[in-house]
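Below, each chain spelled out in residue letters.
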Amino acid sequence: MQVSHSKIETFKLCPKKYDLRYNHRIVPKKYFSALMFGIAIDDAINLILLQKLVNPTEKQKTRLAKLKRDKEYPYRLFDNVFAFQKPFENTLNDTGTKVDSIDVRKDWRCEYFPSDFDGDLLEAEDLKVLKKYIKSAGYAEKDPITLWNLLNNEIKSKKKLDLIGKEFYNYCCFLSLRRKARVLLDLFTNEVLPKIKEVHSLQERVSLVNEDGDTLIGFIDITGILEGEDFVRVIDIKTSGARYALNSVKESQQLGIYTEYKNTDKGAYIVLLKKPKITEIYKCFSDDCINGDVGDEFKGKRRKKCPECKEELFLDRIEKDYEYQIVVDEISDETKDLLFDEISDIVEEMESEVYEEDRGNCFHFGKKCDYYDLCRTGSMEDLLNKGKRK
């Protein structure tokens, strides 16, 4: 049997979900923003990493030369990959013909979330496009950010948006994520890349065969050397809304598999945080205060009184800073033994072809399972049957 990290994690979450997704090949009709964003930013980061790659191929040398001539290249690559996603097999449009690509800017199949939108990231050209869309749609509300908030409130109250509202909501989220990607790519180029001394491989294919003949497959983001070190690590790059735990490397099934394949115990996560650190900046404007003339800044959400005159401080502005993590650790042989024992047990369960429904995981990370309605009512309304492999 051939298995991957994602297949194993799906089976652990719910065997029934695994059966529907991988055996029957029933998939959601929707395209979720986190996956679409991750695919696009991975491509752009892989391009940036060519600057540290040892022994690049001729094709990689050509791309690197283009990158040196054109600093906008990673941003354009992200835009092109993010805006037009490859559709699932058998995806049809309204006329019943096959779809060549999904335009994630507005398409109703694309599912965005409130956390995807940050109006502060939108630039003048984005607002101009959105205002034009508002005018053509005939909305009474003319401000794009206000209208997005109104539509988001409807979603929160369980109302279903009409097609025009859904398109506008998606377009706002798309433009915001596009700007966020530029911020994260700048962060990676200016702060993360200098922390990487050498890259030895990019997207290296993994294939591990156990004594029972089962094959574990996957792709390693990077193998390389970090600054201040003289040995190669297996490195996985993530974008996340929350910081990773300090023990995340040593407990990672994925890095455990990949470090075993590379015959090393050294792994790392590079995490680009999608949620900014928010700092409120307060000022004292009292005429009687020595700080009043210059309006000294005081940081911190809870500081309400000026330390000099004890008068009330006023919120001047809110700063948003995007951050990253590099988590490094070693994965012991004992940990790997336990990991592969667990994987062997899971593969054995898969091969037994008993796929029980785990109703304790119907809501995971606050989101209803894609197969919830199918399991309970037999409804395929939001699902697509790609058909079993021949």
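Preceding this section is the structure that the text describes.
Sequence order as written defines the numbering, with residues in each chain counted from 1. The model is predicted, so local features are restricted to residues of pLDDT at least 70 and side-chain atom pairs to those at 80 or more, both for listing and for counting; the totals for chains, interfaces and linings are taken over all residues. The side-chain quantities take in all heavy atoms of the structure and omit both hydrogens and water.

**What about the overall build of the chain?**
Turning to step 1, where the next piece is worked out: The secondary structure content of the chain amounts to 11 helices and 17 strands.
Turning to step 2, where the next piece is worked out: A 1.4 Å probe rolled over the protein chains alone gives each residue an accessible area, and that area as a share of the maximum for its type sets the label: buried under 20%, exposed over 50%, partly exposed in between. With 390 residues in all, the chain has 44% of them scored as buried.
Turning to step 3, where the next piece is worked out: We call two residues in contact when some of their heavy atoms are within 4.5 Å. A separation threshold of at least 6 residues defines the contact pool for the chain, and within that pool the share at least 24 residues apart is 69%.
Turning to step 4, where the next piece is worked out: When the accessible surface of the chain is totalled, it reaches about 21,900 Å², and 48% of it is carbon and sulfur.
Turning to step 5, where the next piece is worked out: Asp and Glu count as negative and Lys and Arg as positive, but His and the ends of the chain are not part of the count. Charged groups are reduced to one reference atom each: NZ for lysine, CZ for arginine, CG for aspartic acid, CD for glutamic acid. Here the chain contributes 67 positively and 72 negatively charged side chains, and the mean placements of these two sets differ by 6 Å. The way it works is that DSSP assigns letters per residue, a run of H or I at least four long becomes a helix, a run of E at least two long becomes a strand, and they are numbered from the N terminus. Surface exposure here means Shrake-Rupley accessible area, sampled with a 1.4 Å probe, where a residue is shielded only by the protein chains that are shown.

**Considering the nonpolar core**
Generally speaking, a soluble globular protein has its nonpolar side chains buried in company with each other.
Turning to step 1, where the next piece is worked out: We define a nonpolar core as any set of buried Ala, Val, Leu, Ile, Met, Phe, Trp, Tyr and Cys residues linked to one another through side-chain atoms lying within 4.5 Å. Grouped together as the largest cluster of nonpolar side chains are 63 residues, with contacts concentrated most on L49, F78, F82, Y112 and F188.
Turning to step 2, where the next piece is worked out: Considering each element in turn, this core owes the most residues, 14 residues, to helix 8 (residues 163-192).
Turning to step 3, where the next piece is worked out: In contact with F82, not counting residues within four places along its chain, are M36, F37, A40, V104, Y112, F174, L177 and R178.
Turning to step 4, where the next piece is worked out: In this structure, F11, Y18, V249 and V271 belong to the second largest nonpolar core, which totals 24 residues.

**Overview of a negative patch on the surface**
Turning to step 1, where the next piece is worked out: Among the surface-exposed residues, E211, D212, D333, E334, D337, D341, D345, E348, E349, E351 and E353 lie close enough to one another that they form a single negatively charged patch.
Turning to step 2, where the next piece is worked out: Among the residues examined, E211 registers a relative accessible area of 80% and is labelled exposed. Each patch is assembled from residues with relative accessible area greater than 30% and no salt bridge, linking like charges that lie within 9 Å and nonpolar side chains (Val, Leu, Ile, Met, Phe, Trp, Tyr) that lie within 5 Å. Salt bridge criterion: a side-chain nitrogen from Lys or Arg within 4 Å of a carboxyl oxygen from Asp or Glu.

**Let's talk about the pairing of strand 8 (residues 215-226)**
Turning to step 1, where the next piece is worked out: Among the 12 residues of strand 8, 11 are classified as buried, and the element is accordingly described as predominantly covered.
Turning to step 2, where the next piece is worked out: A pair of strands is considered paired only if DSSP assigns at least 2 bridges between the two. Bridge count for strand 1 (residues 2-4) against strand 8 is 3 bridges, and the pairing is parallel. Bridge pairing in strand 8 links V3 to L216.
Turning to step 3, where the next piece is worked out: Pairing analysis gives 11 bridges linking strand 7 (residues 196-209) to strand 8, with the strands arranged antiparallel. If you follow E204 over to strand 8, its bridge partner there is I220.
Turning to step 4, where the next piece is worked out: Linkage of strand 8 to strand 9 (residues 233-240), two consecutive antiparallel strands, is achieved through a turn of 6 residues, within which G228 is found at a positive phi near 85 degrees.

**Side note on the side chain of K336**
Turning to step 1, where the next piece is worked out: Note on placement: K336 falls in helix 10 (residues 333-351).
Turning to step 2, where the next piece is worked out: A residue is classified by how much of its surface remains accessible, and K336, at 4% relative accessible area, is buried.
Turning to step 3, where the next piece is worked out: Two N or O atoms count as a polar contact when they lie within 3.5 Å, although within protein this holds only if one can serve as hydrogen donor and the other as acceptor, and sequence-adjacent residues are included solely when both atoms are side-chain atoms. Only 2.5 Å separates the side chain of K336 from the backbone oxygen of T264, close enough to count as a polar contact.
Turning to step 4, where the next piece is worked out: Once you skip the residues sitting within four places of it in the chain, K336 turns out to touch G256, T259, E260, T264, D265 and I331.

**Focus: unusual backbone geometry**
Turning to step 1, where the next piece is worked out: In this structure, N55 is a non-glycine residue whose phi angle is positive, near 55 degrees.
Turning to step 2, where the next piece is worked out: Relative to the assigned elements, N55 resides in the loop between helix 3 (33-49) and helix 4 (58-69).
Turning to step 3, where the next piece is worked out: A positive phi angle, close to 70 degrees, is found at K158, a residue other than glycine.
Turning to step 4, where the next piece is worked out: Since its relative accessible area comes to 77%, K158 is described here as exposed.

**A word on the environment of C173**
Turning to step 1, where the next piece is worked out: Locating C173 in the fold gives a position in helix 8.
Turning to step 2, where the next piece is worked out: Taking the C-alpha atoms as reference, C173 lies 4.9 Å from F117; in sequence the two are 56 residues apart.
Turning to step 3, where the next piece is worked out: With residues near it in sequence (within four places) discarded, C173 still touches Y112, F113, D116, F117 and W148.

**Concerning the state of the cysteines**
Working definition of a disulfide: a covalent bond connecting the sulfur atoms of two cysteines.
Turning to step 1, where the next piece is worked out: The disulfide definition used here is simple: a pair of cysteine sulfur atoms within 2.5 Å. Scanning all chains against the criterion turns up 0 disulfides.
Turning to step 2, where the next piece is worked out: No disulfide involves C110; its nearest neighbouring cysteine sulfur is the one of C173, lying 11 Å away.
Turning to step 3, where the next piece is worked out: Note on C375: no disulfide assigned, nearest cysteine sulfur contributed by C369 at a separation of 6.3 Å.
Turning to step 4, where the next piece is worked out: Classification of C375 by relative accessible area gives partly exposed; the value is 26%.

**Section: the pairing of strand 10 (residues 266-273)**
Turning to step 1, where the next piece is worked out: In terms of burial, strand 10 is a largely internal element, 8 of the 8 residues being buried.
Turning to step 2, where the next piece is worked out: Burial of strand 10 is two-sided: the residues K266, A268, I270 and L272 facing one way and the residues G267, Y269, V271 and L273 facing the other way are all buried.
Turning to step 3, where the next piece is worked out: Of the pairings in the sheet, the one linking strand 9 to strand 10 comprises 7 bridges and is parallel in character. Across the sheet, the residue bridging to I237 is I270, located in strand 10.
Turning to step 4, where the next piece is worked out: The definition of a right-handed crossover adopted here requires that, viewed with the strands pointing away, the path from the first strand over the helix to the second runs clockwise. Running through helix 9 (residues 253-261), the crossover from strand 9 to the neighbouring parallel element strand 10 is right-handed.
Turning to step 5, where the next piece is worked out: Pairing of strand 10 with strand 14 (residues 324-330) involves 7 bridges; the strand directions are antiparallel. Within strand 14, the residue paired with V271 across the bridge is Q325.

**As for the pattern of salt bridges**
Turning to step 1, where the next piece is worked out: On inspection of all chains with the given rule, the structure shows 24 salt bridges.
Turning to step 2, where the next piece is worked out: Here K12 and E9 are joined by a salt bridge, their closest N and O atoms 3.3 Å apart. Of this pair, K12 and E9 both sit in helix 1 (residues 5-13), 3 residues apart, which is roughly one turn of that helix.
Turning to step 3, where the next piece is worked out: Given a relative accessible area of 33%, E9 falls into the partly exposed group.
Turning to step 4, where the next piece is worked out: Where E323 meets R243, a salt bridge forms, and the shortest distance between an N and an O atom there is 3.5 Å. With a gap of 80 residues between them, E323 in the loop between strand 13 (314-321) and strand 14 and R243 in the loop between strand 9 and helix 9 connect regions that are remote in the sequence.
Turning to step 5, where the next piece is worked out: Look at the salt bridges and you will find they share partners, linking E123, E125, D126 and R179 into a network.

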